Amino acid sequence: MDGIEQEKVIGRSIRRVEDARFLTGRGRYVDDIANPEALWGHVLRSPHAHATISRTDLAAAKALAGVHGVYVAADLAELGPMPCVAAVKPLIVPPRSALANGRVRHVGDPVAFVVADSAEIARNAAELIEIDYDALPSVVDGRAALAADAPALWNEAPGNRAFHVEKGDAAAVAEAMRTAAHVVEIDVMNNRVIVSPLEPRAGIARYDVATDSFDLELTGQGLHGIRRQLAEFVFKMPVEKFRLHAPDVGGGFGMKNFLYPEWILLPWAARKLGRTVRWTADRAEEFVAGAQGRDIAARAKMALDSSGKILAMDIEMVANLGAYLSGNGPGASAVAASTAHGGVYDIPAIYVDVRGAFTNTVPVDAYRGAGKPEANYIVERAIEAAARQLGRDPADLRRQNLIASFPHKTAMGMSIDSGGFDDNLERAVQRATIAGFEARRADAKARGALRGIGVGCFLETSRGAPNEGAEVRFHGDGMVTVAVGTESNGQGHETAFAQIAADRLGVPMAAIRYVQADTRAVKSGAGHGGARSMHMGGAAVVKAIDAALAKARTLAAHLLQAAEDELVFAQGGFAVRGTDRSIGLQALARSAEDPANLPDGMTSELGAHVMNMTDIFTFPSGCHVAEVEIDPETGATALVRYTAIDDYGRLINPLLTEGQVQGGVAQGIGQALVEHTVYDPQSGQLLSGSLTDYAMPRADDFPSFDIALIERPTEANALGVKGSGQAGCIAAPQTIMAAVLDALRPAGVTALDMPATPERVWQALRQASGKATR
């Protein structure tokens, strides 16, 4: 110990340490991994949305030079079906195999797997496969799929219904609706999005015949969960037989958290052929094979008394789940959404009726926010409609109904420990200079533009899966290993977790060796998702550090010949109070390597693994304000101002937090304005099947975001953090749509669904003016 005080780093805006390698080409992604001896896989996919397979001829493909195997569903007969682990009951889970078995149910459904010396040969061989399809009627809309005359996808799911869940107090809501002075009704669509991280999915599988074990390196998160599903449900082997690990992962937004058919085909083929087998998706493949997001149609009623106080909400939702149940597909609509219904408002009674529908579309699963954006969108669109119907200022009606005292138990049973919802709103109104908006609207009108302003509040319910593990180990070289069960795909975990450990231990950040995404190196983990990494994983690291330091304290007391209560810990070491005797963590770790130095009962490795056993939620919140200008001649919408006041509790790294918010807001804006997933209702073909047809927002679509972060720590974890990874895209959609409708209302447009594309806006304006549309 040198006595120099280590500067505190929690709360500082430190640039991401991992960026040095990302920006200099030293990132390591699955497709970067060289393996010249590996074979390449290619998945042949269905061109039909719904069809039976009447004939398959693989001979020509198998005969092509360089082909090592061509496989169909019959070859995988010994494998179990892919599971759905969503906590929804009752739930109908039809059998899903890695390759379609006699019937395809969406465009892109995997039909055959070709393994060859190169990706090009595998692709060429796939084109030689002859398959005769007998087309069947298809259905792509969730509500249409539940109609009595809809084409049936599964014998196991009568009426195409996967589940029907009811939550809340139906009787209390019905009574409130009966006696209310005002009842406002809305019908809104939370549009489907195609999830498009920069890096497509990719994997490399190896099989060791000597140990009968698998190694799967993949672009995934939640690896312990994927491993368990692979081992227990599909291969029916002990989980120890599978090692899953991920190098750097280029984005995910939820879609890389799940078991996919390719994660089954790769290890199966590696075992079958005794060779390493790899696969990388192309962008077109990901459009029809990667999990998609959102797609929830909702009708809602909001009851209010004569003063404008909200009395109740009655919500009916239909979740379009796609052709199969993805690993946690029903969870977003049936479980996660229910934690956020009602948002930041004090609503005494809420009743929710949710049905999940099978359709001939790509399966849907968790996408950034996973249910919370959908729930917030419903209540915010409803309160916006109520304000217009009652002739109230939208911000004022929100102010009247905000939850004001804590702790607060919501109508859905959530216990909100803390918040400053009224303060968020007041700060947003002031920062966005709403008082001066009418002058800005008048200026736009003089230029022939329609200008609108929208206010939107949000409540995130942050936790994801309950419980999380972390391990901390001290080493003789002065390094400290921090292994965490959460997994980064661009959030900056290497920096944030190092800040936590460095502060707690009094060592430099450079001394922290961060380990993640490896089921061999990390004992347990539930991955990222649900804005849980700091709340669950960060708190687990704190507990692991404390446990490791307790062990180190015992060893230090033994070596310093002092009682444990005589020791003080600071600056990375222990000292005997009132003396000059001390020993640092590095010296303790070296001493621990020799059993002769250890007190009785102590093991040699100086460290600890701890499970943070908790199911407590945290509640990030905020208020956003957007201003748009619309060209009435073209329908084009320009976002000209965006203000956000957000509370994420204690900030480990404000710079990283703001980056997360900016990314989430950008995705929410994209969903609100441009991202339009379109399936042809007759053929089931994905019409927005490439980036030529599916618009994503670009940098020049955004103004400079004005974001202010308010720190109101929670007591739900030792760090006081609340989670920030999802909140931006929870807040932005309703805020943008409120602004768009505010701009259009003077022209007679009172209803519009996302995305507010130029064509939709133009059509709405034409219809409102009574002009014919094409």
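Thresholds, definitions, all that
Residues numbered from 1 in each chain as written. Predicted model: local features only at pLDDT ≥ 70, side-chain atom pairs only at ≥ 80, totals over all residues. Heavy atoms only, no water. Helix = DSSP H or I, 4+ residues; strand = E, 2+ residues; numbered from the N terminus. Rg over C-alpha atoms; globule rule 2.2 N^0.38 Å. Buried < 20%, exposed > 50% of the residue type's maximum accessible area, 1.4 Å probe, protein only. Contact = heavy atoms within 4.5 Å. Areas by Shrake-Rupley, 256 points an atom, 1.4 Å probe, with all protein chains shown as cover. Lys, Arg positive; Asp, Glu negative; His and termini not counted. Charge placed at Lys NZ, Arg CZ, Asp CG, Glu CD. Pairing = 2+ DSSP bridges. Axes fitted to C-alpha atoms, helices over the stretch in contact; angles between N-to-C directions. Arc of directions from axis to C-beta. Core = buried A, V, L, I, M, F, W, Y, C linked by side-chain atoms within 4.5 Å. Left-handed = near helix turned anticlockwise from the far one by under 90°. Nonpolar A, V, L, I, M, F, W, Y, C, P; charged D, E, K, R; others polar. Phe/Tyr/Trp six-rings, centres within 6.5 Å; stacked < 30°, edge-to-face > 60°. Lys NZ or Arg CZ within 6 Å of the ring centre and 35° of its normal. Salt bridge = Lys/Arg side-chain N within 4 Å of Asp/Glu carboxyl O. Polar contact = N/O pair within 3.5 Å; in protein donor to acceptor, adjacent residues only side chain to side chain. Disulfide = S-S within 2.5 Å. Parallel < 35°, antiparallel > 145°, perpendicular 65-115°, else oblique.

Asks: Break down the overall build of the chain for me, with residues and values.
Replies: Across its full length, the chain carries 19 helices and 28 strands. Here the C-alpha radius of gyration of the chain, 28 Å, is about what a compact globule of 774 residues would show, namely 28 Å. Each of the three principal axes of the chain carries a C-alpha extent, and together these read 90 × 70 × 50 Å. Across the 774 residues that make up the chain, the buried fraction comes to 61%. Across the chain, every contact between residues at least 6 apart in sequence was considered, and the portion connecting residues at least 24 apart equals 80%. For the chain, the computed accessible surface area is about 29,100 Å², with 51% contributed by carbon and sulfur atoms. Looking at charge distribution, the chain has the averaged site of its 76 positive side-chain charges lying 1 Å from that of its 92 negative ones.

Asks: Requested: an account of the sheet that holds strand β21 (residues 512-515), with residues and values cited.
Replies: What the four strands build is an open sheet, ordered β21-β20-β19-β25; its pairing is mixed. Of all the strands in the sheet, the pair left with one neighbour each is β21 and β25 (607-612). Ignoring which end each strand starts from, the neighbouring axes of this sheet average 15° apart. Bridge analysis of strand β19 (residues 468-474) against strand β20 (residues 480-484) gives five bridges, and the strand direction is antiparallel. Note on β20: the bridge partner recorded for arginine 473 is threonine 481. Across the sheet, helix α14 (residues 493-505) lies against β19, β20 and β21, angled at about 135° from β21, the strand it touches most.

Asks: Let's hear about helix α3 (residues 119-128): which residues, and what values?
Replies: Restricting attention to buried positions, one finds in α3 the residues Ala122, Ala125 and Ala126. Buried positions in α3, seen along its axis, are confined to an arc of 105° and lie on one side of it. Opposite the buried face of α3, by more than 90 degrees, sit the exposed residues Glu120 and Glu127. In this fold, the buried residues of α3 make contact with β1 (39-45), α2 (59-63), β3 (67-71) and β5 (110-116).

Asks: So what's going on with the nonpolar core? Residues and values would help.
Replies: Across soluble globular proteins, you tend to see nonpolar side chains buried next to one another. Counting 108 residues, the largest nonpolar core has Met313 and Tyr642 as its most contacted members. Ranked by residues supplied to this core, first place goes to helix α18 (residues 727-744) with eleven residues. Leaving out residues up to four positions away in the same chain, methionine 313 has contacts with Val173, Met177, Ala300, Lys301, Met302, Ile347, Ala349, Ile350, Tyr351, Ile378, Val379 and Ala382. Core analysis: the next-biggest nonpolar cluster, separate from the first, contains 59 residues, Val43, Val239, Tyr367 and Tyr694 among them.

Asks: Account for the pairing of β1, naming residues and giving values.
Replies: Burial runs high along β1: six of the seven residues are buried. One ladder, built from six bridges, connects β1 with β5; its direction is antiparallel. Looking at β5, one finds that glycine 41 is bridged to valine 115.

Asks: Provide a residue-level description of the pairing of strand β9 (residues 202-208), including the pertinent values.
Replies: Pairing geometry for β9 and strand β12 (residues 277-280), over four bridges, is antiparallel. Bridge pairing in β12 places alanine 202 opposite threonine 280. Of the pairings in the sheet, the one linking β9 to strand β10 (residues 213-218) comprises six bridges and is antiparallel in character. By the bridge assignment, tyrosine 207 is partnered in β10 with phenylalanine 214.

Asks: Tell me about the packing of α14 against helix α15 (residues 533-560), and name the residues and values.
Replies: Running from amino to carboxyl end, α14 crosses α15 at an angle of 35°, the nearest separation of the two axes being 10 Å. Taken as a pair, α14 and α15 cross one another with a handedness that is right-handed. Across the interface between the two elements, His493, Ala496, Phe497, Ile500, Ala501, Arg504 and Leu505 of α14 pack against Ser533, Met534, Gly537, Gly538, Val541, Val542, Ile545, Asp546 and Leu549 of α15. Its residues assigned to classes, the contact of α14 with α15 shows ten nonpolar, four polar and two charged.

Asks: Explain the packing of aromatic side chains to me, and be specific about the residues and the numbers.
Replies: Enumeration over the complete set of coordinates arrives at 15 aromatic pairs. Aromatic pair phenylalanine 287 and tyrosine 694: ring centres 5.9 Å apart, planes at 85°, arrangement edge-to-face. In this pair, phenylalanine 287 sits in helix α8 (residues 283-289) while tyrosine 694 sits in the loop between α17 (654-673) and β28 (706-710), placing the two residues 407 residues apart along the sequence. Accessibility classification places phenylalanine 287 together with tyrosine 694 in one group, the buried group. Clustering of aromatic rings is evident, with ring pairs tying together Tyr207, Phe214, Phe235 and Phe242. Between the NZ or CZ atom of arginine 105 and the centre of the ring of tryptophan 154, over which it lies, the distance is 3.4 Å. Note that arginine 201 overlies the ring of tryptophan 263, its terminal NZ or CZ placed 5.9 Å from the centroid.

Asks: Explain the pattern of salt bridges to me, using residue names and the numbers behind them.
Replies: Counted by the stated rule, this structure contains 51 salt bridges. In this structure, the salt-bridge partner of arginine 712 is aspartate 647, at a minimum N-O distance of 3.5 Å. A residue pair is termed long-range when its members are at least 10 positions apart, and arginine 712 in the loop between β28 and α18 and aspartate 647 in strand β27 (residues 637-647) qualify at 65 residues. You'll find arginine 712 and aspartate 647 in the same group, each marked buried. One salt-bridge network, in which partners are shared between bridges, spans Glu380, Glu384, Arg388, Arg398, Glu438, Arg441 and Asp742.

Asks: Explain unusual backbone geometry residue by residue, including any values.
Replies: The linkage connecting phenylalanine 406 with the following residue, proline 407, adopts the cis geometry, with an omega of 0°. Although it is not a glycine, lysine 236 sits at a positive phi angle of roughly 55°. Here lysine 236 lies in the loop between α6 (223-235) and β11 (242-245). Positive phi values are uncommon outside glycine, yet threonine 433 reaches one of about 45°. Residue position: threonine 433 is located in the loop between α12 (421-431) and α13 (437-446). Judged by its relative accessible area of 36%, threonine 433 is partly exposed.

Asks: How would you sum up the environment of aspartate 19? Please name residues and give values.
Replies: Tracing the backbone shows aspartate 19 in helix α1 (residues 19-23). Here the side chain of aspartate 19 touches arginine 16 through a polar contact of 2.7 Å, side chain to side chain.

Asks: Go over the state of the cysteines, please, and point to the residues and values.
Replies: Per the counting criterion, the structure on display carries zero disulfides. Not engaged in a disulfide, the cysteine cysteine 623 finds its nearest cysteine sulfur in cysteine 457; these two sulfurs lie 3.9 Å apart.

Asks: Tell me what's going on with the side chain of asparagine 360, and back it up with residues and numbers.
Replies: Structurally, asparagine 360 can be placed in the loop between β15 (349-358) and α10 (372-390). When residues no more than four places from it in sequence are discounted, the contact partners of asparagine 360 are Ala49, His50, Arg105, His106, Pro137, Ser138, Val139, Val140, Leu153 and Gly684.

Asks: How would you summarise the side chain of glutamate 384 if you had to cite specific residues and measurements?
Replies: Assignment of secondary structure puts glutamate 384 in helix α10. For glutamate 384, a relative accessible area of 7% corresponds to the buried category. At 3.0 Å, the side chain of glutamate 384 forms a polar contact with the side chain of arginine 398. Those residues in contact with glutamate 384 that sit more than four places away from it in its chain are Pro394, Arg398, Val455 and Ala738.

Asks: Break down the packing of α10 against α18 for me, citing the residues and quoting the values.
Replies: Running from N to C, α10 and α18 point in directions that differ by 30°, and their axes come no closer than 8 Å. Judged by the inter-axis angle, α10 sits roughly parallel to α18. Taken as a pair, α10 and α18 cross one another with a handedness that is right-handed. Residue-level contacts link Lys372, Pro373, Asn376, Tyr377, Glu380, Arg381, Glu384 and Arg388 of α10 to Cys729, Ile730, Pro733, Gln734, Met737, Ala738, Leu741 and Asp742 of α18. Its residues assigned to classes, the contact of α10 with α18 shows eight nonpolar, two polar and six charged.

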